[in-house]
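This is what each chain is made of:
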Amino acid sequence: TDLPTCDVVFVLGGPGAGKGTQCQLVQERLDGWVHLSAGDLLRAERNYGGKLCDLINSKIAAGELVPSEITCKCLENGMARAFEQSGVTKFLVDGFPRSHGNMTAWAGTLAKHNIKFVLSFDCPESVLEGRLLERGKSSGRSDDNIDTIRKRFQTHKAESLPIIQYFENNGTTVHTIESDKGVEQVYEKVVALF
Ligand code: UP5
Ligand code: MG
């Protein structure tokens, strides 16, 4: 693609930790940063139909990870689209990478971008569960039910948490922020990093 080298912040944290909420605020309040949620991009790809629809659907509804190449392709397209539309080159990549396979796929096609730092939200599972069940009353998300929420927690612990350790061991700065506070309290900590 014609996408130039971009600045990227990976925004990680358990299901319901507030990744989307905080990225949205940064996008609204700080100049130049664009929010790209891997999950939102996958749901958009699914809604568009096409041959990946059933696969993406089944993985999301099971609380399991979509194959890395699909997710990376969605991210790459999302970045390229935003760049073409408005020339932006600074991205908050929300909810990715969540596994070693995700890291490998990123290193394959997106390695030229600068990972500025990783933002990791930490929040007790009991709080996450309460938030997701509450949101599930109106979200329409196929994964906001108690069974899939528990599966998402398992996937997070087994596949995604180790990635934080991996970044720390490999010299990428990880900023951990406790996100069981109010939205604006969390945002104060977040904005200080930019
Ligand atoms: N809320 C937020 N902040 C709050 C606060 N400080 N105080 C009180 N309430 C707060 O927030 C969740 C809810 O909590 C909202 O109702 C919000 O108002 C409230 P949100 O900001 O949406 O949290 P977020 O961390 O974004 O939660 P989300 O549910 O989106 O996290 P997931 O990581 O589970 O979902 P995602 O969309 O990233 O992924 C979904 C699925 O897609 C995955 O399970 C997987 O199947 C697939 N996927 C991949 O396979 N690969 C990827 O790379 C990405 C996704
Ligand atoms: Mg989200």
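Please refer to the structure placed before this passage.
Predicted model only: the values in this text are computed from it and were never measured.

Each value, and the rule that gives it
- Residues numbered from 1 in each chain as written.
- Chains lettered and ligands numbered in written order.
- Predicted model: local features only at pLDDT ≥ 70, side-chain atom pairs only at ≥ 80, totals over all residues.
- Near = placed C-beta within 6 Å.
- Helix = DSSP H or I, 4+ residues; strand = E, 2+ residues; numbered from the N terminus.
- Nonpolar A, V, L, I, M, F, W, Y, C, P; charged D, E, K, R; others polar.
- Pairing = 2+ DSSP bridges.
- Axes fitted to C-alpha atoms, helices over the stretch in contact; angles between N-to-C directions.
- Contact = placed C-beta atoms within 7 Å.
- Expected span 1.5 Å × (residues − 1).
- Buried ≥ 20, exposed ≤ 12 C-beta atoms within 10 Å, placed from the backbone.
- Arc of directions from axis to C-beta.

A. Structural view of the site of ligand 1. Every one of the 31 residues lining ligand 1 counts as a neighbour, but Pro15, Gly20, Thr21, Gly39 and Gly95 are closest to it. Listed by contribution, the elements that provide at least two residues to the shell around ligand 1 are α1 (19-29), α2 (38-47), α3 (53-62), α6 (125-136) and α8 (183-191). Taken together, the residues of the shell around ligand 1 sort by class into 10 nonpolar, 13 polar and 8 charged.

B. View of the sheet that holds strand β5 (residues 174-178). Reading across from one edge, β2-β3-β1-β4-β5 is the order of the 5 strands in this open sheet, with parallel pairing throughout. The sheet is open, and its two edges are formed by β2 (33-37) and β5, each paired on a single side. Averaged over all adjacent pairs, the angle separating strand axes in this sheet is 20°, with direction ignored. One ladder, built from 5 bridges, connects β2 with strand β3 (residues 90-94); its direction is parallel. Bridging across to β3, Trp33 finds its partner in Lys90. On top of the sheet, α1 reaches β1 (7-13), β2, β3 and β4 (114-122); it is set at about 155° to β2, its chief contact. Docked against the sheet, helix α4 (residues 68-86) engages β2 and β3, running at close to 150° with respect to β2.

C. Representation of α4 within the structure. Here α4 spans 27 Å end to end across 19 residues, near enough to the 27 Å set by a 1.5 Å rise per residue. Within α4 the residues assigned to the buried category are Ser68, Thr71, Cys72, Cys74, Leu75, Gly78 and Met79. Down the axis of α4, the sector holding all buried residues measures 160°, keeping them to one side. The exposed set on the far side of α4, more than 90 degrees from its buried face, consists of Glu84 and Gln85. Where α4 is buried, its residues touch β2, α2, β3 and α5 (100-109). Immediately beyond the C-terminal end of α4, within one or two residues, lies Gly87, with a positive phi of roughly 75°.

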